[in-house]
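# Descriptive structure summary
Chain residues, written in single-letter form:
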Amino acid sequence: MRYLIYFSLLIVFAQCGGTAALQEYRTHTVEKGETVYSISKKYGVPEQTIYSLNPDARNGIGTNHVLILPADAVVRQDNVTFKSHKVRRKETLFSISQLYNVQVEEIKKYNKDLYSRQLKKGERIQIPVYTTNTATSNNSSGKIDEPSNSEMGQHTVQPKETKFGIARKYGITVAELESLNPQLDETLRIGSVLNVPEDTVTDTAVIENDKFQLYEVQPKEGFFRLKVKFGLTQEEIVALNPYAKDGLKEGMILKLPKVDEIGLTDEIRVTNLENNIVNRSKKRIAVMLPFQLNRADADTLENNKDLIRNNGALRVALDFYSGALMAAEFAKERGISIELNIYDTQGNENTVRDIIARNNFENVDAVIGPLLQKNVERAANELKKDGIPIFSPLSNRDIKISSNVFQTIPTDKMLEEAMIDYLAEHSVNKNIVLICDAKKAAQKSALMEAIPGAKSVALRDKSFLHVKDIADIISEFSENWFVLESDDPVIVSNVVGLLNGMPEKFKIRLFTLDKNDAFDYHDVSNVRLANLGFTFPSVNKRFNHDDKNAFLVSYKNKYGVLPNRFAVRGFDVTYDVLLRLATADDIYEAHDSSIETEYVENKFRYSKKLFSGYQNNAFYIIRYNKDLEFEVVE
């Protein structure tokens, strides 16, 4: 049955949801002063061709607007000379192209090995210098725009100074400071000399008063949103930051009164956003998933069975897609107008980049996906300048959370800390016993620090326990809470079996900070785990098959089966995004870290991370009960 669902979804996507077959194009980022006419002359491409590839260009183009051009379009030139450039640490082709005001493709053209490899620190590459007016768009001499030392100053790093403080002192963003100093490390070295603007806007790069902090202005963030977040009026913000009198811009560094955590509050309000809908204007959502349609056969089910059977990413994408489609239907029933555009990333980072380059994302309200970490980072980087929010739906790996990224899954560290807090809070009159293998030394240390009275049992040489090992530690008079930290299925099987075999006079529960695959090992019985009241932190809960939840009923009516966790995840993430957009003008304004939303299996409470993006802080503590059901403990 599920193969038929997958096949039908592939057909639906291929017929009405997918993007057109990729053609070969290149892009041009519009620079100040450029027009369609000047660009057509620059590349030798007819204006009509540019307009046909970029219909919105008829309404005008502006700085940083990205135009699609034919792949064979190259900068016209009568003569070219070269400047040698020595690659410095952290430099990229993009940063070098910006430094010398040339296209990345032009650099590759004269350094052909860069088509197949990355830059190397210390190597020298040839930078083309064009000597005709058509070589550059806004340089009447036809010569390359090189950095002007006369407009630059230098700053020597002092103790306690940070990149944020230095950027604030000179009225630039951190990104601009890093662009001026490609060799800049994450940790500044005292005495380092940095390139900076000649003029300063504040007297110091250090905030001596510990009642203040530095804050980075986020995309589309104005004085109103800062007032909502910090309770400060525009006049109060400008009084602390006089250079902000002309308005805020993304990346600007502000000095603001310190709060415990940006945007966080102790009061959490579980909210049904269906009751708060005020904005029913069309919501434009882009969903990026690895359908790998180029490998599918739209005509034959049999030919696709092997592809679906052997491709886990495809199955996950189709399940998630089915849930997202259902979320769109639910939102429409609430009167929310939706334009849902689906893109096949093919699981490829370059395809993600091409999708963004060849489609107009300017009016997109939110992007859901891609699935893979590197692809999320690529999409976030490409869309950051426009402030378009990216929701990472499934990966909780260490993603570089840009200011426009919403990480929908709590981190493993967050889950660990939550479980430790739960154990510490409920440890009174409990006999806490730790069983940790050698790889879990950090977790053991954290547990011992949080629960000083906890006891520890060492595993034997062959990584197993015998009943004698816990005989002197287990208590007959208080509840015994065993905390098992291991990702070795043999150890987990041994400990679970041992604890189940203890006499009934002992009250025993089993906990872990990380329910990994070892607890799903075939030799680890669910019945035995349930007997121990196995308790663990989790991103999601499990729906009850007897629930009459509207989504579960609708999904089964449509597809003939109940949804799996990826389909539920697709529904929960997409429906939450749509409802948040319907409660405000945009997703950033809808952000309120005191609000927690909950759906079929997942809940969401986003907090703004300082100088970074948004992190979901909502999760569950789950217990496996004796009815072999998962119940929410907290």
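Details of the structure are given in the entry above.
Reference entry: report on the structure contained in this document. Remember, predicted model here, so these are calculated numbers, not experimental data.

Rules and cut-offs
Residues numbered from 1 in each chain as written. Predicted model: local features only at pLDDT ≥ 70, side-chain atom pairs only at ≥ 80, totals over all residues. Heavy atoms only, no water. Helix = DSSP H or I, 4+ residues; strand = E, 2+ residues; numbered from the N terminus. Buried < 20%, exposed > 50% of the residue type's maximum accessible area, 1.4 Å probe, protein only. Contact = heavy atoms within 4.5 Å. Areas by Shrake-Rupley, 256 points an atom, 1.4 Å probe, with all protein chains shown as cover. Lys, Arg positive; Asp, Glu negative; His and termini not counted. Salt bridge = Lys/Arg side-chain N within 4 Å of Asp/Glu carboxyl O. Polar contact = N/O pair within 3.5 Å; in protein donor to acceptor, adjacent residues only side chain to side chain. Pairing = 2+ DSSP bridges. Axes fitted to C-alpha atoms, helices over the stretch in contact; angles between N-to-C directions. Left-handed = near helix turned anticlockwise from the far one by under 90°. Nonpolar A, V, L, I, M, F, W, Y, C, P; charged D, E, K, R; others polar. Phe/Tyr/Trp six-rings, centres within 6.5 Å; stacked < 30°, edge-to-face > 60°. Lys NZ or Arg CZ within 6 Å of the ring centre and 35° of its normal. Right-handed = clockwise from strand over helix to strand, strands pointing away. Expected span 1.5 Å × (residues − 1).

With that settled, consider the overall build of the protein chain. A count of helices and strands for the protein chain gives 21 helices and 25 strands. Here the protein chain, with 634 residues, has 48% of them falling under the buried criterion. For the protein chain, contacts bridging at least 24 residues in sequence account for 69% of all contacts bridging at least 6. Taken as a whole, the protein chain presents about 31,200 Å² of accessible surface, with 45% of it coming from carbon and sulfur.

In this section: the side chain of Glu161. The residue Glu161 is located in the loop between strand E5 (152-156) and helix H6 (163-169) in this model. Despite being buried, Glu161 has no salt bridge partner; Lys169 is the closest side chain of opposite charge, sitting 5.2 Å away. For Glu161, the side chain forms a polar contact with the main-chain nitrogen of Gln158, separated by 2.8 Å. Excluding anything up to four places from it in sequence, Glu161 contacts His155, Thr156, Ile166, Leu188, Ala205 and Val206.

What follows is about the sheet that holds strand E13 (residues 390-392). The mixed open sheet is built from seven strands, whose spatial order is E11-E10-E12-E13-E14-E23-E22. Looking at which strands have only one partner, the edges of the open sheet turn out to be strand E11 (338-344) and strand E22 (606-608). The sheet shows a mean angle of 25 degrees between the axes of neighbouring strands, taken without regard to direction. Across three bridges, strand E10 (residues 283-289) lies against strand E12 (residues 366-368) in parallel orientation. Bridging from a neighbouring strand, Ala286 pairs with Val367 of E12.

For Ile399, the position within the fold is in the loop between E13 and strand E14 (405-407). Ile399 sits 26 residues away from Gln373 along the chain, and the two C-alpha atoms are 6.1 Å apart.

It is worth spelling out the packing of helix H14 (residues 412-425) against helix H15 (residues 441-450) at this point. When two helices pack together, their arrangement is given by the angle between the helix axes and by the axis-to-axis distance. At their nearest, the axes of H14 and H15 sit 10 Å apart, and the two run at 35 degrees to each other. The chirality of how H14 crosses H15 is right-handed. Counting all contacts with H14, which are made through Glu416, Ile420, Leu423 and Ala424, the residues of H15 involved are Gln443, Ala446, Leu447 and Ala450. Residues of the contact of H14 with H15, tallied by class, amount to six nonpolar, one polar and one charged.

Scanning all chains against the criterion turns up 15 salt bridges. Residues Arg334 and Glu274 are paired through a salt bridge, measuring 3.1 Å at the closest nitrogen-oxygen approach. Placement of Arg334 in the loop between helix H11 (312-333) and E11 and of Glu274 in the loop between strand E9 (269-270) and E10 is noted, with a sequence separation of 60 residues between them. Residue Glu274 is classed as partly exposed on the basis of its relative accessible area, which comes to 21%. Of the charged contacts, one joins Arg605 and Glu596 as a salt bridge, the two residues approaching to 3.0 Å between their closest N and O atoms. The pair formed by Arg605 and Glu596 is uniform in burial state, with each residue classed as buried. Overlapping salt bridges, with partners in common, bring together Glu349, Arg378 and Glu382 in one network.

It is the contact of H11 with helix H19 (residues 550-559), at a shortest axis distance of 11 Å, that shows an interaxial angle of 115 degrees. Viewed along their axes, H11 and H19 form a crossing whose handedness is right-handed. Contact residues: Ser322, Leu325, Met326, Glu329 and Phe330 in H11; Ala550, Phe551, Ser554, Tyr555, Lys558 and Tyr559 in H19. Its residues placed into classes, the contact of H11 with H19 shows seven nonpolar, two polar and two charged.

The next subject is the packing of aromatic side chains. One pass over the structure, following the stated rule, counts 22 aromatic pairs. Residues Phe406 and Tyr614 carry aromatic rings whose centres are separated by 4.3 Å and whose planes lie at 0 degrees to one another, so their mutual orientation is stacked. Here Phe406 is found in strand E14, whereas its partner Tyr614 is found in strand E23 (residues 614-616), with 208 residues between them in sequence. On the basis of an interplanar angle of 25 degrees and a centroid distance of 5.3 Å, the ring pair of Phe571 and Tyr575 is categorised as stacked. A residue pair is termed a helical-turn pair when its members lie 3 or 4 positions apart in one helix, as Phe571 and Tyr575 do in helix H20 (residues 565-582) at four residues. Taking the relative accessible area as the measure of exposure, Tyr575 reaches 3% and is therefore buried. Positioned above the aromatic ring of Tyr614, the side-chain terminus of Lys608 is 5.7 Å from the ring centre.

Residue alternation in strand E18 (residues 508-511) divides its side chains into two sets, Ile508 and Leu510 and Arg509 and Phe511, and both sets are buried. In terms of strand pairing, strand E17 (residues 479-485) meets E18 through four bridges, oriented parallel. Bridge pairing links Trp481 to Arg509 in E18. In this region the chain leaves E17, passes through helix H17 (residues 489-500) and returns to the parallel neighbour E18; the handedness of that crossover is right-handed.

Bringing H20 into the picture now. Here H20 contains 18 residues, and its C-alpha end-to-end distance of 25 Å stays within 8% of the 26 Å for a straight helix at 1.5 Å per residue. When you tally the buried positions in H20, you get 16 out of 18 residues, the bulk of the element. Looking at where H20 begins, the residue whose side-chain oxygen comes 3.2 Å from the main-chain nitrogen of Phe566 is Asn564.

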